[in-house]
Amino acid sequence: MKINKKLAAGLLFIFLLLCFWFSLPKKLFKTPYATVLLDKKGQLLQARIASDGQWRFEPSYAIPEKFEKAIVCFEDKRFFKHLGFDPLAFARAIYLNLKSGAVVSGGSTLSMQVIRMSRQKPRTFFEKIIEILLAFRLELSYSKKEILQLYASHAPFGGNVVGLQAAAWRYFGREAEQLSWGEICSLAVLPNSPSLVRPDKNRKALLDKRNKLLNKLLQTSQISAETHLLSLLEPIPQKPIPLPNLAPNLLSSLSESSLQISLTQALVQTTLSKELQIQTNEILELHHQKLKGNGVNNFAALILDIEKNEVLAYVGNVFHPEDAAIESYVDMIPAKRSPGSTLKPLLYAAMLHDGLLLPKSLLADIPTQVAGYMPQNFNLSYDGAVPADIALARSLNVPAVRMLQHYRTERFYDLLNRLGIQSLNKGPSHYGLSLILGGGENSMWEISSVYASLARQLNHFGSNSGRFEPKDFAYPKVLKGNAAKAIETKSSIASLNAGAIWQMFEAMQDLVRPGEEENWSQFISSRRVAWKTGTSFGFRDAWAIGLTPGYLVCVWAGNADGEGRPGLTGVQVAAPVLFDLIKLLPRTPWFEKPFDNLNKQIICRQSGNKSTEFCTYADTVWVPKSKAPQPNCNYHQRIHLDKSGRYRVSSNCESPSYMQHVSWFVLPPAMEWYFKNKTSDYKPLPPWKPGCKSEEEPTNMMEIIYPKRLSSLYIPKEIDGQEGKAIIELAHRNRNVKVFWYLNGTYLGTTKEFHQLGISPPAGKHLLLVEDENGERIELPFEVVRNLPK
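Residues numbered from 1 in each chain as written. Predicted model: local features only at pLDDT ≥ 70, side-chain atom pairs only at ≥ 80, totals over all residues. Heavy atoms only, no water.

Bringing the overall build of the chain into the picture now. For the chain, the count of helices and strands is 22 helices and 26 strands. Taken over the C-alpha trace, the chain has a radius of gyration of 38 Å; the compact-globule value for 790 residues is 28 Å, which it surpasses by more than 25%. For the chain, the spread of C-alpha atoms along the principal axes amounts to about 135 × 70 × 65 Å. Looking at the chain as a whole, 53% of its 790 residues are labelled buried. Summarising the internal contacts of the chain: among those between residues at least 6 apart in sequence, 67% fall at separations of at least 24. Carbon together with sulfur atoms contributes 54% to the accessible area of the chain, which is approximately 37,300 Å² in total. Charge centroids of the chain, computed over 92 positive and 73 negative side chains, lie 9 Å from each other. (Helix = DSSP H or I, 4+ residues; strand = E, 2+ residues; numbered from the N terminus. Rg over C-alpha atoms; globule rule 2.2 N^0.38 Å. Buried < 20%, exposed > 50% of the residue type's maximum accessible area, 1.4 Å probe, protein only. Contact = heavy atoms within 4.5 Å. Areas by Shrake-Rupley, 256 points an atom, 1.4 Å probe, with all protein chains shown as cover. Lys, Arg positive; Asp, Glu negative; His and termini not counted. Charge placed at Lys NZ, Arg CZ, Asp CG, Glu CD.)

Right, dumping it as structure tokens:
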């Protein structure tokens, strides 16, 4: 029987011991925390109040030594000596309470207060016993430093301010580590009675309590007499102040997983630089103030460190919540918008990579119509022929569309997707050739990622021994540590030739910068920047993206609701912001030339393609290596001139001994028509010597510019209700020749020099016939549409 009693007692003891051991929850506090963004140095950028309406920061900060000394001195002077319960303090509290006839002291240690804050139970004698037991249990599992951190993170500091760090920011506007002794002591006395004594309530009582604490610290030799005197002179805070509001859109987008990132904790350290974030906000606000009178309400900017692939500044919008029309809450960085011309450099690099053109290959810049789509240059004019790199630098639309037609939309669509632009959620046929002019919708986040990845690939070309490294292609990192997890990655990766990337960035340097025309050469000598602007249809979006080997800056301007505004162009609105931001960044050396991905090539100076035996002037340049054959010059041809050199001749009328055999640069008629009007040194083919014409004379003396073969023409009515007219146009090598026009066999008229004619045919199919006085003729079928399908 005695054995059974001992066994029962032992089992009871074990049961009670287990109950005691497991009485402490694994997670003491289940309260929600404010979402807090810190910069890369741990400085506060942005915070969002917790779901229960409290400013409570997640515990992760080290407790400042000043606060540790102050709170121990004020609340629990034997904190480091007891095991959660201080009998002397408890006995003293009982004595004081009996003496005064009321509860004036609780005798709770800091450990007991942590338990009380976690349990949130009514304060009774029985609850006090539970607090003592759990405080002892707390001491067995937590270090004194950890208990202090729990206290500092969950103690009330008046109103809806909970925790030391939240209180430091709300009352003093900076983190607790930066507070003085006077400020720390002002906070240390608040949790004792936060509802009665706080900065905006009973300020005299708060000042007295703070000064008494400072006196105790002096008496215990924890502060010097000088520090004590200076601290007594410090004022106490007036009232809670707003927290920093430097990245509101970033916080919203992270919370909504808009950046392929999902938050895993409330206290988040970002890769941002607080100083650069402040400067970026200021610059965007400055330009916003200049342009808001024109109805341009929204600006956004993204700055990346290319080598680290980290975001240094993230401003998703100007911040004016008081004005609902500005829609400050919309983060424009992940927003899908028309990118304008910002994709043109990628097509240029892709065609270099595949050997479809060379950096200075001559491109046609003439009226172009493809399946009813007729692109136009921004200045509504044509150059006839323009080198590829100049077409990119000038952002000409017609050459870009013709390049995409050659490269194929499906192929370019796939390339964009594999580079990381995954916002094109419809098939390539939906976008068509307009894709290169902003016909799709992309985000600043995606486009910046693509250009930064290509720059990083070029930077690492030497260190990777010329090999492509997939890890160079990734979305930018905006968070440090384990604060987030990626929820979307690039499914497949496209690689471009490093030589093609280098040539692309070289061409992107040659844009004329806003306000810098006269000082261009001085600016480029001090800082080289590859940059590109973009303007969407209807002046709804203005883009500018620029990079150096070290940094990338992307800027967007416009209206979040999509409203277009006159003058809202990339070069006029976004580019000035871009260069203001670039001036904030350190200078870096330019990209090293990737010699292993380049070949020296002899090219025709006039056509930009590989030189042939007929090319009269040649240059040796670096071009990207390509497995495919690169284009040869096909604009030079051998012609025969008479002895004077003024006329073309043939063996039918001139002895070969009197002929001059020369190479001549000859453009197709439509290209020639516009090119010779823009280029004074272009020499058209000499005329044939009278009475002398070769039977092998080419039949391409003229070319119809508009309309194109089998095209459909929509001819709207005029304002007065009369039937409108379409202007048909032709280019002829001989500007003095007469041209006769016929429509469906009916004579329309004759033109000379300027071959344009207005016609107003009925709806239906028609046949246009054009014949010159020498008998050369062109037939062109087309269709007229008077009413567009609904």
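This paragraph deals with the sheet that holds strand S20 (residues 712-714). On the basis of which strands lie adjacent, the open sheet formed by 5 strands has the order S20-S26-S25-S22-S23 and mixed pairing. Edge positions in the sheet fall to S20 and strand S23 (746-752), since each has one partner strand and no second. Recorded for the sheet is a direction-independent mean angle of 30° between the axes of neighbouring strands. Note: strand S22 (residues 738-743) against strand S25 (residues 764-772), 5 bridges, orientation antiparallel. Each bridged residue has a counterpart across the sheet, and for Leu743 the counterpart in S25 is Leu768. (Pairing = 2+ DSSP bridges. Axes fitted to C-alpha atoms, helices over the stretch in contact; angles between N-to-C directions.)

Moving on to the environment of Arg174. If you trace the backbone, Arg174 turns up in the loop between helix H7 (164-172) and helix H8 (181-188). The spatial distance from the C-alpha of Arg174 to the C-alpha of Tyr151 is 20 Å, given a sequence separation of 23 residues.

This model, assessed by the stated rule, comprises 1 disulfide. Between the sulfur of Cys653 and that of Cys692 lies a disulfide, 1.4 Å long from S to S. Measuring the twist about the S-S bond at about -55°, one finds the Cys653-Cys692 disulfide to be left-handed. Residue Cys653 is found in the loop between strand S17 (636-641) and strand S18 (660-665), and its partner Cys692 is found in the loop between helix H22 (669-678) and strand S19 (702-706); the two are separated by 39 residues along the sequence. For Cys692, a relative accessible area of 3% gives the class buried. Looking at the unpaired Cys615, the closest cysteine sulfur is the one in Cys604, lying at 3.5 Å. For Cys615, a relative accessible area of 12% puts it in the buried group. (Disulfide = S-S within 2.5 Å.)

Turning our attention to the nonpolar core. One finds Leu346, Phe412, Tyr451, Leu454, Met504 and Phe505 to be the most contacted residues of the largest nonpolar core, which totals 86 residues. Among the elements that line this core, the one with the most residues is helix H18 (residues 444-459), at 9 residues. Those residues in contact with Phe412 that sit more than four places away from it in its chain are Leu343, Leu346, Leu347, Leu404, Tyr407, Leu435 and Ile436. If you look at the next biggest cluster of nonpolar residues, it comprises 64 residues, including Phe29, Ala34, Met112 and Leu164. (Core = buried A, V, L, I, M, F, W, Y, C linked by side-chain atoms within 4.5 Å.)

Moving on, we get to the pattern of salt bridges. Between side chains of opposite charge, a pair can form when the charged atoms approach closely. Tallying each qualifying case throughout the model produces 22 salt bridges. Through salt bridges with shared partners, a single network forms among Asp383, Arg394 and Lys678. (Salt bridge = Lys/Arg side-chain N within 4 Å of Asp/Glu carboxyl O.)

For the rest of this paragraph, the subject is the packing of H8 against helix H9 (residues 203-219). In the contact formed by H8 and H9, the axes pass within 9 Å of each other and the chain directions differ by 115°. Taken as a pair, H8 and H9 cross one another with a handedness that is right-handed. Residue-level inspection shows Trp181, Gly182, Cys185, Ser186 and Ala188 of H8 in contact with H9, the latter providing Leu206, Arg210, Leu213, Leu214 and Leu217. (Left-handed = near helix turned anticlockwise from the far one by under 90°.)

Right, let's talk about the packing of aromatic side chains for a bit. Under the counting rule described, the total for this entry stands at 15 aromatic pairs. Arranged with centres 5.3 Å apart and planes meeting at 70°, the rings of Phe595 and Trp622 form a pair that is edge-to-face. Residue Phe595 is located in the loop between helix H21 (570-582) and strand S15 (598-604), and its partner Trp622 is located in strand S16 (residues 618-624); the two are separated by 27 residues in the primary sequence. Owing to a relative accessible area of 27%, Trp622 belongs among the partly exposed residues under this scheme. An aromatic cluster of at least three residues, connected via ring pairs, comprises Tyr635, Phe665, Phe675 and Tyr682. (Phe/Tyr/Trp six-rings, centres within 6.5 Å; stacked < 30°, edge-to-face > 60°.)

On to a positive patch on the surface, then. Taken together, the side chains of Lys77, Arg92, Lys212 and Lys216 define a basic patch exposed on the protein surface. On the basis of relative accessible area, Arg92 is assigned to the exposed category, the value being 54%. (Patch = residues over 30% accessible without salt bridge, like charges linked within 9 Å, V, L, I, M, F, W, Y side chains within 5 Å.)

Another point: the packing of helix H13 (residues 344-353) against helix H19 (residues 498-508). Relative orientation of the contacting elements H13 and H19 amounts to 140°, with a least axis distance of 8 Å. Between H13 and H19, the interaxial angle falls into the category oblique. Here H13 runs over H19; the crossing is right-handed. Contact residues: H13 offers Pro345, Leu346, Tyr348, Ala349, Leu352 and His353, while H19 offers Ala500, Gln503, Met504, Ala507 and Met508. For the contact of H13 with H19, the residue count by class is 9 nonpolar, 2 polar and no charged. (Parallel < 35°, antiparallel > 145°, perpendicular 65-115°, else oblique. Nonpolar A, V, L, I, M, F, W, Y, C, P; charged D, E, K, R; others polar.)

Within the fold, Pro762 resides in the loop between strand S24 (755-759) and S25. According to the relative accessible area criterion, Pro762 is exposed, its value standing at 54%. Sequence separation between Pro762 and Ile715 is 47 residues, and the spatial gap between their C-alpha atoms is 9.4 Å.

It is worth spelling out unusual backbone geometry at this point. Across residues other than glycine, the phi torsion is negative in most instances, and most of the peptide bonds are trans. For the peptide bond that leads from Tyr706 to Pro707, omega is 5°, which places it in the cis range. Here Pro707 shows up in the loop between S19 and S20. Even without glycine at this site, Arg408 takes up a positive phi of about 90°. Residue position: Arg408 is located in the loop between helix H15 (397-407) and helix H16 (409-419). The exposure class of Arg408 is partly exposed, given its relative accessible area of 45%. Even without being glycine, Asn744 reaches a positive phi, approximately 55°. Judged by relative accessible area, which is 44%, Asn744 ranks as partly exposed.

Turning our attention to helix H4 (residues 110-119). With 8 of its 10 residues buried, H4 lies for the most part within the structure. Looking at the buried positions of H4, the neighbouring elements they touch are helix H2 (65-75), helix H5 (125-141) and helix H6 (144-154). Just downstream of H4, Gln120 is the residue with a positive phi angle, here 55°.

Below, the discussion takes up the sheet that holds strand S7 (residues 298-305). The 5 strands lie next to each other as S8-S7-S14-S13-S12, forming an open sheet whose pairing is antiparallel. A strand with exactly one partner marks an edge of an open sheet, and here the two such strands are strand S8 (310-315) and strand S12 (530-535). On average, adjacent strands in this sheet sit at an angle of 10° to one another, irrespective of strand direction. Two strands pair when backbone bridges link them, and S12 and strand S13 (residues 541-547) are joined in this way by 6 bridges, in the antiparallel orientation. When the bridges of S13 are listed, Thr535 appears paired with Ala542.

With that settled, consider the side chain of Asp642. Looking at where Asp642 falls in the secondary structure, it is placed in the loop between S17 and S18. The charged side chain of Asp642 is buried without a salt bridge, its nearest counter-charge being Lys689 at 4.7 Å. Side-chain polar atoms of Asp642 contact the backbone nitrogen of Gly645, separated by 2.8 Å. In this structure Asp642 touches Tyr647, Val649, Glu654, Tyr658, Gln660 and Lys689, once residues within four positions along its chain are discounted. (Polar contact = N/O pair within 3.5 Å; in protein donor to acceptor, adjacent residues only side chain to side chain.)

Turning our eyes to something else, we now look at the pairing of S23. Sheet analysis places S22 next to S23, joined by 6 bridges and oriented antiparallel. Residue pairing in the sheet places Val739 in a bridge with Thr751 of S23.

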